[in-house]
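# Structure assessment
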Amino acid sequence: MNEVMNGTNARAEQRAVAMRAALAHKVSAHTHAEGNTLTEIPGLRLYRRSEPSACVSAAYEPSLVVFLQGQKQINLGKTTYLCDGSNFLLTSVDLPVVSQVIAATEKEPLLGLLLKLEMPLAREILSQQEFHLGGESADAQGMAIGITSLELLDACSRLVDLLDAPQDIPFLNSLIQREIIYRLLRSPQGKHLRAIATLGEQSHRTAKAVEWLRGNYAKPLRIEELATMARMGVSTLHHQFRSLTAMSPLQYQKQLRLHVARERMLNEGLDAASAAFEVGYESASQFNREYSRFFGQPPMRDVKARRLTVNATVRD
């Protein structure tokens, strides 16, 4: 019996390797530039990086990222996610992260696809009587990593195939994306997405608090008002928020402010003091201290180093 099972698992793994390679080839054919490539399919972006990168701050929105080759490290709070060609990354709420490409070459670049998740569609699937799973009361996490199944690879491959048949996108795109969300909901990591998508659940109410902070990061944080908004006590909100985002509401706001300030200095040419006040800091010196502690060096020195890195990548 064990030999039969081992043989079945080996064949499934061989098939998965072949499917990942085929999908990587398709993604590579549609990504000729470094970084993200927008596609004609709503919510779908393809990704290529041909060399390791420095740490980059970003705000991840609810999305699925399927990695096909290379390695990328994502840091959320004190939690580190290491993703390679066998993994997918599920993000169910807006999260400030620091990411870094750690394995990529010109011959074997980091390749992947990112699909924005439509939460109303997830809720619609969950509402159907045919979709039934045993209830679980575990705290939801806003980010989870899993092994990409054959079924999920197949659905993603068919979605990318639509790029070669744009006339089919209006008719088949929604069907395939629906299947992808269905596969995610039924995966071991799907419990985190189900908790966020289910109206009335504590995780869903906590996600509303996260959404409010995401849109109002420059405003003063009053935890009692945030708890009232989420319809739960302050201690319960702290527990649920930390479970979902790997940080407290105050830490979330602070990291989001620092991420936004960094990008505005880089992209809009703001000086450190202006960026600090724009994102809600009342003290430029406090901003400098917290920025240096989080990113490893003072604001303008960090931004200058990032510009040099970007310019070197463009020249290459």
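Residues numbered from 1 in each chain as written. Predicted model: local features only at pLDDT ≥ 70, side-chain atom pairs only at ≥ 80, totals over all residues. Heavy atoms only, no water.

The grouping of Phe171, Leu172 and Leu175 at the surface amounts to a nonpolar patch, some 330 Å² of accessible area in total. Locating Leu175 in the fold gives a position in helix α4 (residues 169-186). Classification of Leu175 as exposed rests on a relative accessible area of 54%. (Patch = residues over 30% accessible without salt bridge, like charges linked within 9 Å, V, L, I, M, F, W, Y side chains within 5 Å. Areas by Shrake-Rupley, 256 points an atom, 1.4 Å probe, with all protein chains shown as cover. Salt bridge = Lys/Arg side-chain N within 4 Å of Asp/Glu carboxyl O. Helix = DSSP H or I, 4+ residues; strand = E, 2+ residues; numbered from the N terminus. Buried < 20%, exposed > 50% of the residue type's maximum accessible area, 1.4 Å probe, protein only.)

Grouped together as the largest cluster of nonpolar side chains are 90 residues, with contacts concentrated most on Ile74, Leu89, Met143, Ile180, Leu237 and Phe287. The residues touching Leu89, leaving out its near neighbours within four places in the chain, are Tyr60, Ser63, Leu64, Val65, Phe67, Ile74, Tyr81, Cys83, Met143, Ala144 and Ile145. (Core = buried A, V, L, I, M, F, W, Y, C linked by side-chain atoms within 4.5 Å. Contact = heavy atoms within 4.5 Å.)

The subject of this paragraph is the pairing of strand β4 (residues 63-69). The buried fraction of β4 amounts to seven of the seven residues, a majority that puts the element mostly inside the structure. The sheet contact formed by β4 and strand β7 (residues 87-91) spans four bridges and is antiparallel. Among the inter-strand pairings, Ser63 is bridged to a residue of β7, identified as Thr91. As defined by bridge partners, β4 adjoins strand β9 (residues 110-116) across six bridges and the pair is classed as antiparallel. From the neighbouring strand, Val66 faces β9, where its bridge partner is Leu113. (Pairing = 2+ DSSP bridges.)

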